[in-house]
Amino acid sequence: MIIELWVDGVSLDLYQDTEIKHTLQINDVAEVKDRQASYTNSFKLPKTPKNVKALGGLGIHSNTSNIPYLKPDALLKIEGFDFLTQAWVQITSTDDEYSVSIYSGIIEFFKIFENKTIGDYLAAELTEINHNKNLTTVINTQNDDTLKYTYLFADFNGITHRKSNSNVVNIDFVVPSVLVSYLFEKIHTKAGYTFSGEFMTFDDYINWWISYPKAPEDDGSTIYFDETKTGISFSPPGAEGSFGFTFNNGGSNGVKILEKGIYNILADGIAGLNEPVPSGLGSLSYNFYATINGIQMNLAPQMELNENDVIELFYDIQSDWNGSASMHLKIRKLEDVSFTEEFKDLKVTDLLKDVYNFLGLTPNIDNVNRSIEYLTNEKRFKNSETEDWSNYLISIDNETYKFGSSYAQNNLFKYKYNDQEDNQSDGALVIDNKNLDEEKTVFTSITYSVEKERLSDFYVNSSLTQKASIYKLYEKEPQDGSTELKYKPLSKRYFYLRMNKVNESVVIGSDIQDLEQTNSIIKFGEFRDLTMGYIIGKYYKDFKNVINQSIIWNVTLNVPYPKLLNLDLTKVLYFDQLQQYCFINKISFDDSKTTAELVRIKDFRS
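Keep in mind the model is a prediction, meaning the values are calculated, not measured.

Here is what the cut-offs are and how they apply
- In this numbering scheme, every chain counts its residues from 1 along its sequence in written order.
- Per-residue local features of the predicted model are confined to residues with pLDDT of at least 70, and side-chain atom pairs are confined, for both listing and counting, to 80 or more; whole-chain, interface and lining totals are unaffected and use all residues.
- Values reported for side chains reflect all heavy atoms of the structure, with hydrogen atoms and water molecules removed beforehand.
- The pairing test for Phe, Tyr and Trp rings, Trp by its six-membered ring, is centres within 6.5 Å, and the orientation test on the planes gives stacked under 30 degrees, edge-to-face over 60, and tilted for anything in between.
- Burial classes follow relative accessibility: with a 1.4 Å probe on protein chains only, a residue under 20% of its type's maximum area counts as buried, one over 50% as exposed, and anything between as partly exposed.
- Going along the chain from the N terminus, every DSSP run of H or I of four or more residues is numbered as a helix, and every run of E of two or more is numbered as a strand.
- Polar contacts, as counted here, are pairs of nitrogen or oxygen atoms within 3.5 Å of one another; within protein the pair requires one atom able to donate a hydrogen and one able to accept it, and residues that are adjacent in sequence qualify only if both atoms are side-chain atoms.
- By definition in these notes, contact holds between two residues if any of their heavy atoms fall within 4.5 Å.
- Think of it this way: DSSP has to see at least two bridges between two strands before they count as a pair.
- Note on geometry: axes are C-alpha line fits, over the in-contact stretch for helices, and angles between N-to-C directions span 0 to 180 degrees.

**What to know about the packing of aromatic side chains**
(1) Moving on: In this structure the tally under the stated criterion is 45 aromatic pairs.
(2) Moving on: Relative to Y121, the ring of F113 lies with its centre 5.3 Å away and its plane at 85°, an arrangement referred to as edge-to-face. Each member of the pair, F113 as well as Y121, carries the same accessibility label: buried.
(3) Moving on: Here the aromatic rings of W208 and Y496 are separated by 5.1 Å at their centres, their planes lie at 65°, and the arrangement is edge-to-face. In this pair, W208 is assigned in the loop between helix 7 (203-206) and strand 14 (209-211) and Y496 in strand 36 (residues 496-502), connecting sequence segments 288 residues apart.
(4) Moving on: Judged by its relative accessible area of 1%, W208 falls in the buried class.
(5) Moving on: In this structure Y496 comes out as buried when scored by relative accessible area, which is 0%.

**Some thoughts on unusual backbone geometry**
(1) Moving on: A positive phi angle is found at D8, which is not glycine, with a value near 50°.
(2) Moving on: One non-glycine residue with positive phi stands out, namely N308, at about 80°.
(3) Moving on: Along the chain, the position of N308 falls in the loop between strand 21 (303-305) and strand 22 (310-319).

**Structural notes on the side chain of H161**
(1) Moving on: Position of H161 relative to the elements: it lies in the loop between strand 10 (149-151) and strand 11 (169-170).
(2) Moving on: At a separation of 2.8 Å, a polar atom in the side chain of H161 contacts the side chain of T160.
(3) Moving on: Within the structure, H161 has its side chain in polar contact with the backbone oxygen of Y459 (distance 2.8 Å).
(4) Moving on: If we skip the residues at most four places from it in the chain, H161 touches S166, N167, V168, V169, N170, F458 and Y459.

**Points about the environment of F247**
(1) Moving on: With respect to the helices and strands, the residue F247 is situated in the loop between strand 16 (238-239) and strand 17 (255-256).
(2) Moving on: Once the C-alpha coordinates of F247 and Y286 are considered, the two residues, 39 residues apart in sequence, prove to be 19 Å apart.
(3) Moving on: Other than its neighbours up to four places away in sequence, F247 contacts F225, E227, T228, K229, N253, G254, V255, L313, M327 and L329.

**Side note on the sheet that holds strand 11**
(1) Moving on: In space, the 3 strands of this open sheet follow the order 11-37-38, with mixed pairing throughout. What marks the edges here is a single partner per strand, and that holds for strand 11 and strand 38 (515-519).
(2) Moving on: As judged from the 2 bridges shared by strand 11 and strand 37 (residues 506-510), these two strands associate in the parallel manner. Along strand 37, the bridge assignment pairs N170 with G509.
(3) Moving on: On the sheet, helix 5 (residues 135-143) packs against strand 37 and strand 38 and is oriented at approximately 15° with respect to strand 38.

So this is what it looks like as C-alpha cells:
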C-alpha cells in the first residue's frame with residue numbers, strides 16, 4: 001500500500017513499511033453529548049532532515065517549533081487517492097522518531113472555534129442586532145417579524161407593569177432575545193461551511209430564541225447628569241431668557257454630550273413670588289425653554305443626541321414682584337444592548353452542542369466541499385438508505401449488550417437552575433437494562449430552566465390576562481423600613497424561549513421614560529416544547545431503538561479498498577448472517593485487516 005502524508009502543504013518522509021490503522025466514524029453512539037471525529041492510530045515518522053525541517057526543527061535541542069501546540073493541516077493519500085483531507089496532525093512525542101496521529105471529520109470544523117466565544121467570533125456580525133433599548137425600539141420588534149432579535153414579554157421576576165399604571169406593560173425589566181437559528185447560521189457562514197438538513201423546517205428550530213444574559217440594573221439606564229439649581233432671584237419687571245441656568249459639566253455653559261445615544265431628559269422648573277405679597281398684587285408669568293446647539297427645541301423623554309451636542313436651559317419671567325426660580329435637570333442615557341459584549345462568555349462550541357443535542361443531530365461533514373449534512377435520529381436510524389453487506393462479513397468476533405459505562409438505566413438531560421434542588425424541566429432517556437447503573441447525567445444545557453411555578457398571570461387588557469412563563473432574572477430583596485422591593489439582577493443567565501404572538505390591543509410603556517403607547521400586537525416568550533421530556537420524546541424516539549436492548553457486534557470484514565476510501569457511514573446495512581439491520585458505529589482498517597463495530601437497530605422501519 002502506498003501511503004503519502006502532507007503537513008501544511010509539505011510532503012513528509014514515511015517508512016516504506018509504514019502501517020496506519022484508520023478508524024472512521026461520524027458519531028459514536030456511546031457518547032450522546034459529544035460528536036466524535038475519525039482518527040488514525042499513533043504511528044512513527046523517521047527523523048529525516050526533510051521531516052525535521054518541515055516540522056520546524058522539532059526534536060533538536062534549543063528548537064522553537066510550535067508544531068506540538070498547534071493543529072497543522074494534514075492530507076493523507078492512500079494509493080494516490082485523497083483519503084483524509086482537511087485533517088490535522090498531532091505529534092505527541094519525539095525521540096529517535098516522531099509519534100504521530102491524524103484526526104479528521106467534525107473535529108476540523110470545531111477546530112475553527114476552539115476557545116472562541118460568540119461575542120468574539122461573531123463580533124462584526126452581531127453589530128447588526130446591537131441596539132439602544134427604548135420604547136420605540138421595543139414596540140418595533142413587536143410589529144416587525146423580519147428582525148432577528150425581539151423583545152419577548154414574560155415574568156422575569158421584575159416589575160412587569162408600570163408603577164404609575166398597573167394596566168400598562170412595562171419594558172424596563174425585559175431583556176431582548178435573538179434567534180438561535182440566526183446564530184447557528186452565522187457561525188457556519190463565517191467558517192465558510194454550508195449546511196443542510198430537514199431540521200431546518202422544524203418549528204422547534206425556526207421559533208427558538210435565546211435571551212440576552214444581562215438583566216438591566218434597576219431600569220438599565222445610566223444617569224448622565226443630575227443637578228438642581230435653586231434660589232435664582234428675579235425682580236420686576238422680571239428676567240430675560242438670556243440669563244440662562246448655568247448647568248454645565250465641563251467648565252463652559254451647557255451640558256455637553258460625550259457619547260452618541262438615546263437619552264431620557266427630565267427638566268422640571270418652577271418660579272414663585274416672595275412672601276408676603278399684598279392683596280391684588282403679585283402677578284407672575286414664566287416660561288422655561290431649552291436649546292440644543294443654540295437652537296430652541298422641546299426636550300423629550302426619548303431623544304437621540306450626538307457626541308458634542310450641548311444642552312442649555314433658559315427662563316423668561318414676567319413679574320411685578322420679587323421672586324425666585326429653580327430648575328432640576330436629569331439626563332439619563334438609555335440602555336445600549338450589546339450582544340457583541342454580553343455573548344463574550346458563550347462558547348461557540350457550547351451553543352453548537354446544545355443545538356445538536358436538543359434536535360438529536362449528527363453532522364455528516366465534507367471538509368473538501370466545506371458542507372455539512374445534519375442527520376436527525378429519525379433520518380439516521382429509521383429513514384436511512386440501506387445496503388446489503390452480507391458478502392463482506394467474514395466473522396462475528398464478539399457480541400455485547402451495552403455501551404461500556406456510557407449509559408445508565410435513567411440517562412438525564414438537564415437544565416441549570418437557580419435552586420440547585422430543582423429538576424422540573426429535566427428528562428430521562430430510559431434504557432430497560434437492570435444491569436446498568438441507576439442514573440447518569442449525559443447532557444446539561446448551557447441555559448437555565450423556568451421556575452418551578454412556571455406560569456403567572458400577566459395583564460394584557462381588560463378582556464385578556466395571559467399566562468406568562470417565569471424566567472428568573474431578578475432576585476426580589478425587601479428593604480428595611482420600607483414596603484419597596486429592590487430588584488437585584490442575576491448575572492449570566494441564558495434562557496430558551498418560544499415566541500407566542502398575541503394580536504390584542506395593549507398599552508406598552510416605560511417608567512424610566514415616562515412614556516406609553518398603544519399597540520395591536522404583543523409577543524410573549526414561553527417555555528413551550530422546551531422541557532427535556534419533550535425533547536427526548538420527540539427527537540430521541542428512534543435513538544432508543546439503538547440503545548434500548550442494544551446488541552453490539554465486533555466483526556471482521558472484507559471490504560474492497562476503493563469502497564473503504566469512499567465509505568458512506570450514513571447508510572444502514574443489512575447482514576443476512578445476523579438477520580438484522582445495523583449501522584457502523586466505527587470501522588478500523590490497515591493493510592492486513594478490517595474490523596467494525598456494528599450496532600443493531602431494533603424494529604428498523606417498523
